[in-house]
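As a plain string of letters, each chain reads:
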Amino acid sequence: MTATAQRPSTTIFRRPKTTEGFWSWITTVDHKKIGIMYGYAAFTFFIIGGLEALLLRLQLAGPNSDFLTAAEYNAMFSTHGITMIFLFVMPVGAAFMNYLLPLMVGARDVAFPRMNALSWWIFLSGALFLYSVIFFGDVTPPLGVEGVPGNIDPSDQTLLGGLPDGGWFLYQPNAGPAFSPGSAVDFALLGIQILGVASLISAVNFLVTIFNMRAKGMRLLRMPVFVWMTMVTAFLLLFSLPIIAVALFMGTFDRSFGTLFFQAAGGGDPVLWQHLFWLFGHPEVYILILPAMGIVSEVLPVFSRKPLFGYAAVVFAGGGIAFLGFGVWAHHMFSSALTPVAQAAFGLSTMTIAIPTGIKIFNWLGTMWGGRIRFTTPMLFAIGFVAMFVIGGLSGVTHSVVPSDWQQTDTYYIVAHFHYVLFGGAIFGIFAGLYYWFPKLTGRVMNEALGKTHFWIQMIGFNLAFAPMHWLGLQGMVRRTWRYAPETNFGPWNLAVTIGAFTIAASILVFMFNWTWSKRKGAASGLDPWDARTIEWTIPNPTPEYNFAENPVVTSLDHFWHMKYGEDTEGRAVRKDDADELVARLDHGGRNPKSPIHLPNPSYFPFLMAVGLPLIAYGIIFHEGIVGKVLIVLGAVITLGSLLGWGMEPLEEPHGDDGGGEHDAELVEAH
Amino acid sequence: MKGQERPVPLGLARDGADTYTRPMVQHPRRRRSEESTRPFRFGGVALLAVLVSSCSFIEIDSPLTTFEPAGAIADRIDGLFWPVFWIATVIFALVNIAILYTVIAFRDRPGRKEPKQTHGNAKLEVTWTIIPALILAGIAIPTVRGVFDLTECAPDAMTVEIIGHQWWFEYQYPDHDIETANVLVMPAGQDVCAVMTSDDVMHNFWIPALNGKRYLVPGQVTLLPLHAYEPGEFWGHCAEFCGLSHSLMRARAQVLSLEDFDAWVVSQQSGAPVPAEGTPAWEGLQVFLNRGCTQCHTVDFEDNNLDIADNIVPDPGFNGPNLTHFASRNVFAGAYLPYEGLSYNEALTQWLANPPEVKPGSFMPNLGLTQQEIDDLIAWMETLS
Amino acid sequence: MAETVEVAEAHADDHGGHGEHESFGIDNRKLGMWLFLSSEFLFFGALITSYMVYGNDTFGNTVVPREIYDIPFTSVSSFVLLMSSLTMVLAHQSLAGGDQNGTKTWLLATAMLGSIFLGGQVFEFYEFIQVYGMTLTTNPASSAFFMLTGFHGLHVAIGVIMLLSLFGMARRQGGLSEKHGMNLELVGLYWHFVDIIWIVIFTIVYLLGAV
């Protein structure tokens, strides 16, 4: 209790005080603001990745097209993958988790608010670093064996062609120093490395939040499924990111410092890269899809007016998918020279994933069965998720038949499969969540007519864009193909795909208009617009800065629903007489806390620290010149300096004489 | 908090919602229950229309199709694919019919009561765990057998060494001392074992009609058994992204009857004829010898005593296809050229005039050949049968 | 920002009330450190695996690490690192017993032992590079060796910096409080982890890998 007095209350900077305006966003440690920033950034990259996809589709609309150069096409499909995976689906998942996790477990913030801010700023700096390749990166012609340079037609060297072009998988040695000599691939390797740091910090933070910050009475099996899926995702991140970190370090060292890990000419093994990459890469798929599964598991019960069918089964199936997900990586490499035993083993382990996935699908169906289904926009997206994800899951089973996969791998059949999983799955789930929780951000609901228009255009566009890819793949269209021959008859189907892609783009425009319009003019939502079930809806919309005026006490799964509804003798839900009164009371009480509430103070250091990392990365890329060396030192000084400042900055400025001893804990409520 | 008008809960039918008594704000013009099902119907019909109209293309197979297996291995794979495909299709249909039925039958509508609050059913959970497991076990058995039967080459198989280059495949027949490119020639009815490696990055060799695909890894050797029942020509493609012109790295397999194959072997073992002096072909040969082509390309001449033969010792670092029997192959430039709408000679002219323009990144540079030089070269290359 | 939250007066219920949350009963920061270290285990697991992929092959005539290990020397430096775990425990015990001077002494001892280990590693690298001509770029085995031991060395170095920071704080503030004892515990966790990883590396890479 005496420690505070001995510590300096301000360190390098005066403690930021603003709660509004530009600086409040830079220095905030509020999980909601961080979640919103994550969300907008992710959506921006969704637009960028989508535009890249449209360019790809324009190129492929007909055979032997000249719309893009080969270099541009390769750069576009590579950055499309990197952007959608690392800069859209992952951070948008982080956005949902950031915003919702404390609300759903009944906490005022995450366990480590400043680390939360740090993870967001590191994400942003990594993303900007990655895309700064446009200004600082270069692509030079490929080198053949013995360092013979290839030839590029001058007209091929364009701005877009200068983006990283090794694919998101960055297979070695094609993405190694010999065959991708320009610095563009370095930006991809180091950018993903920085993004990984952000995800790792988030993962630790979310796990501790879930383990230690739940509201009183919220036992593990009373947590909303979204919280469970966040936990599973965080574990996946925790255990898969270090592996890709090692692979990325090796790749960077091969490129920048001459190590020989994957360089066949020096005795290295390119297949090791594949193992390391997919040891991360396959869990990554579940990192992308599990949050969406969590969202859907929240939305379906609300609009079926029934509890989630088989809650425990859904939860454990999610855990099972994650666990099995670490044992299937080599199914991405069936066409490498694995032994028959390994091929068979990975084929079988891949099949087993279908079982927990099936359990989820059937339980979602069971949730809707016998319900009273309201076709609101979030519900449409959630139903769309279930229907489309089934297709992606089943085509996944056909891949597990290893000899079939020898035909299918690296064709558009795979592209179709994972877009059904990641677009039909993850993105439909994300939109369900955006429509569903929009009131929590704004206090308004999104326009339903526009929302449904968005859904149907997207549904049609999505199937038009990705269903024909199954056929194209089985007809032998390989992936990452800049051109295809007229004799292949791929043309009409590809044209259909391109039209589908533009249809999706149109639906996204509808969404963006709806979002912008509804933010200002949407109908007021009140406290409980959907007649919801979970405790994030027991607090006013938009969410007050302190979340809960009083720490909630939870007595059951779907706590809020049970506050409002009882059951009659048949087991049918009956709204309690005082439910409306309760909602009004919650709304009023949530806005008027009985006593002032402590929140963690803002801080400059997370932002500053995040600035240091890309400087080090630039330094590594340009380490041969003096500028690079200066940048490495500068970046290290900024990072370590802000770490020191951070260490000396108490979480909360002292206020009065009580409880001071806790102030340098990460969060007062942490215990 | 102003505006107590709250559209809560959205989309729930008002009239007849007997157990649900709380006041709700309705959209002024339309009843929500109608609004919510109409787009649903419309969307379903539109989706169906798209699916039906797209069926018209379905009859046209691509030369790369996996649906027309032409050998024992590809046949076996095809036989594995279809049962699984149909199982998947049936499950897909059942699940989606169930979804459609559920959302239609249990949609909110006037008079619908609040649902019973069921939390789950242990018997159902067990059922839908075990049934998929059984189906998968049924799929697993033929899968495992297929894997063990299909990964290794037959002991009496003829060996072809396949070497991947950016961006073309080289084929060597060690038993016959033949070196060729782009077109893999093999006998019908006989097992062939492709012994593969790569010269630079990873490639992936794939002739869909003859087998699935297998990586070519630099510094390592991988095996791919191939088999064809009947003579014919089959298309192939490099399936792993291998750099700038990956999409133009293609392959052909030409399957010959045993007699034709033997004849092909004999013709390939002969050297190239030396053209008569003064002919366009002779001029073409001079272009070949004097404009740097020999840095990368080998041509074995019939007359080994010829002075010019000594010139043709490519730098090992530069590697281009062996051109001795260039004209015996119907495709060139990584089996990319010619394509439909571009004749052989037109394609060859374009290629020789500016290779990097035709094939980005190509290690064959633009030599600035004149049209006359190109014509002469083509005249000479036609003699390389 | 409709509601401005005044930070004025602590409400007893808001603050550190242990009954307010369902929790695993482990301090947040300690739990976070455990989770981080579980991730680190996989980081080193991947590095060690990579070394095992390459370490047992010789490439051409180049010199590979397993031919030139100085096992007696590395055994001594491993022992030094092992002892530093002991001094770390002693520092922790001293703090628990309220012995501030003892805490400071043992902290410094731990940092010293860690530095000695680092010095040994620098000497080893110097010998490998200068005497045997085996550098980062000689062959994949040497790449993997330097990568693995280098990243471990980096972890030790970071640990030494943290120990010295604790020592500095203890000096400046006249001792570490129980709250700072928490910090000592975190650094201790990290330090033990780094030691354990070294035991694994020493066993797998040096002892089992040596010719």
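These numbers come from a predicted model, not from an experiment. (Residues numbered from 1 in each chain as written. Chains lettered and ligands numbered in written order. Predicted model: local features only at pLDDT ≥ 70, side-chain atom pairs only at ≥ 80, totals over all residues.)

Chemist: So what's going on with the overall build of chain A? Residues and values would help.
Modeler: Each helix and strand counted, chain A has 20 helices and 3 strands in total. Taken along its principal axes, the extent of the C-alpha atoms in chain A is 75 × 65 × 50 Å. The burial tally for chain A puts 70% of its 671 residues in the buried class. Considering only contacts within chain A whose residues lie at least 6 apart along the sequence, 81% involve residues at least 24 apart. (Helix = DSSP H or I, 4+ residues; strand = E, 2+ residues; numbered from the N terminus. Buried ≥ 20, exposed ≤ 12 C-beta atoms within 10 Å, placed from the backbone. Contact = placed C-beta atoms within 7 Å.)

Chemist: Can you break down the sheet that holds strand β8 (residues 222-226) of chain B residue by residue, with the values?
Modeler: Residue and element names in this part refer to chain B. A sheet is described by the order of its strands in space; here 5 strands give the open sequence β3-β2-β1-β5-β8, paired in mixed fashion. Strand pairing shows two members of the sheet lacking a second neighbour, β3 (178-181) and β8, which therefore form its edges. On average, adjacent strands in this sheet sit at an angle of 25° to one another, irrespective of strand direction. Alignment of strand β1 (residues 158-165) against strand β2 (residues 168-173), held across 5 bridges, turns out to be antiparallel. Counted as the bridge partner of Ile 162 is Tyr 171 from β2. (Pairing = 2+ DSSP bridges. Axes fitted to C-alpha atoms, helices over the stretch in contact; angles between N-to-C directions.)

Chemist: How would you explain the confidence of the model for chain A if you had to name every residue and give the values?
Modeler: All names here are of chain A. Mean pLDDT for chain A: 90, with 93% of residues reaching 70 or above. Mean pLDDT across the secondary structure elements of chain A bottoms out at helix α1 (residues 3-6), with 36, and peaks at helix α3 (residues 31-60), with 97. Confidence drops under a pLDDT of 50 for residues 1-11, and excluding neighbours within four residues, the segment shows 24 contacts in the predicted structure. In the predicted structure, residues 656-671 sits below a pLDDT of 50 and forms 52 contacts with residues beyond four places in sequence or in another chain. (pLDDT = per-residue confidence, 0-100.)

Chemist: Break down the sheet that holds strand β10 (residues 250-256) of chain B for me, with residues and values.
Modeler: All names here are of chain B. Reading across the sheet, the 5 strands line up as β4-β10-β9-β6-β7 and stay open at both edges, with mixed pairing between neighbours. Two strands close off the open sheet at either side, each with one partner strand: β4 (183-187) and β7 (213-216). Direction aside, the axes of adjacent strands within the sheet are offset by 25° on average. In terms of strand pairing, strand β6 (residues 203-206) meets β7 through 4 bridges, oriented antiparallel. Bridging from a neighbouring strand, Asn 204 pairs with Tyr 215 of β7. Taken strand by strand, helix α4 (residues 258-269) contacts β4 and β10, and its axis lies near 130° from that of β4.

Chemist: Explain the packing of helix α7 (residues 184-212) of chain A against helix α8 (residues 225-257) of chain A to me, using residue names and the numbers behind them.
Modeler: Residues and elements named next belong to chain A. Between α7 and α8, the least distance of the axes is 8 Å, while the angle of their chain directions is 150°. Compared by their axis directions, α7 and α8 come out roughly antiparallel. The two elements α7 and α8 meet at a crossing, and its hand is left-handed. Across the contact of α7 with α8, the residue classes tally to 18 nonpolar, 7 polar and 2 charged. (Parallel < 35°, antiparallel > 145°, perpendicular 65-115°, else oblique. Left-handed = near helix turned anticlockwise from the far one by under 90°. Nonpolar A, V, L, I, M, F, W, Y, C, P; charged D, E, K, R; others polar.)

Chemist: Let's hear about the nonpolar core: which residues, and what values?
Modeler: If you look at the biggest cluster of nonpolar residues, it comprises 382 residues, and the most contacted ones within it are Val 296 and Ala 432 of chain A. By residue number, the principal contributor to this core is helix α4 (residues 70-105) of chain A, which donates 25 residues. (Core = buried A, V, L, I, M, F, W, Y, C linked by C-beta atoms within 7 Å.)

Chemist: Can you lay out the packing of helix α12 (residues 377-400) of chain A against helix α2 (residues 72-105) of chain B for me, pointing to particular residues and giving the numbers?
Modeler: Running from N to C, α12 of chain A and α2 of chain B point in directions that differ by 170°, and their axes come no closer than 9 Å. Taken together, the axes of α12 of chain A and α2 of chain B are roughly antiparallel relative to one another. Of the residues in α2 of chain B, those touching α12 of chain A at Ile 383, Val 386, Ala 387, Val 390, Ile 391, Leu 394, Val 397 and Thr 398 of chain A are Phe 81, Val 84, Phe 85, Ala 88, Ile 91, Phe 92, Val 95, Asn 96, Ile 99 and Val 103 of chain B. Of the residues that constitute the contact of α12 of chain A with α2 of chain B, the class distribution is 16 nonpolar, 2 polar and no charged.

Chemist: Can you explain α4 of chain A? Please cite residues and give values.
Modeler: Residue and element names in this part refer to chain A. End to end, α4 covers 50 Å across 36 residues, agreeing with the expected 52 Å (1.5 Å per residue, within 8%). At Met 84, α4 shows its largest bend, some 35°. Buried residues dominate α4, accounting for 35 of its 36 residues. Once α4 ends, the next one or two residues include Gly 106, with phi positive near 80°. (Expected span 1.5 Å × (residues − 1). Bend = angle between axes of the 7 residues up to and from the residue.)

Chemist: Any chance you could break down the interface of chain B and chain A for me, citing the residues and the numbers?
Modeler: In this complex, chain B contributes 113 residues to the contact, which on the side of chain A involves 116 residues. Mapped by element, the contributors of at least two residues to the side of chain B that touches chain A are α1 (32-54), α2, α3 (122-150), β7 and α8 (355-358) of chain B.

Chemist: Now, about the pairing of strand β5 (residues 192-198) of chain B: what can you tell me, with residues and values included?
Modeler: Residues and elements named next belong to chain B. β5 sits mainly inside the fold: 5 of its 7 residues count as buried. Note: β1 against β5, 7 bridges, orientation parallel. In the strand pairing of β5, Glu 161 is matched with Val 195. Bridge count between β5 and β8: 5 bridges; the pairing is antiparallel. Within β8, the position partnered with Met 196 by the bridge is Thr 222.

Chemist: Outline unusual backbone geometry, listing residues and values.
Modeler: The residue after Asn 541 of chain A, namely Pro 542 of chain A, is reached through a cis peptide bond having omega -10°. Looking at the element boundaries, Pro 542 of chain A is found in the loop between α16 (491-521) and α17 (559-564). Of note, the bond from Leu 337 of chain B into Pro 338 of chain B is cis; its omega dihedral lies within 30 degrees of zero at -10°. Its place among the elements puts Pro 338 of chain B in the loop between α6 (307-311) and α7 (344-353).

Chemist: Outline the environment of Phe 193 of chain C, supporting the account with residue identities and numerical values.
Modeler: Residues and elements named next belong to chain C. Positionally, Phe 193 belongs in helix α6 (residues 178-207). The exposure class of Phe 193 is buried, given the 21 C-beta atoms found within 10 Å. In the structure, Phe 193 is positioned 57 residues away from Leu 136 in sequence and 26 Å away in space, judged by C-alpha atoms. Excluding residues that lie within four positions of it along the chain, Phe 193 makes contacts with Leu 37 and Glu 40.

Chemist: Can you tell me about the environment of Leu 208 of chain C, naming the residues and giving the values?
Modeler: Residue and element names in this part refer to chain C. Mapped onto the secondary structure, Leu 208 falls in the segment after α6. Given 12 C-beta atoms within 10 Å, Leu 208 falls into the exposed group. Separated by 142 residues in the primary sequence, Leu 208 and Arg 66 have C-alpha atoms spaced 9.4 Å apart.

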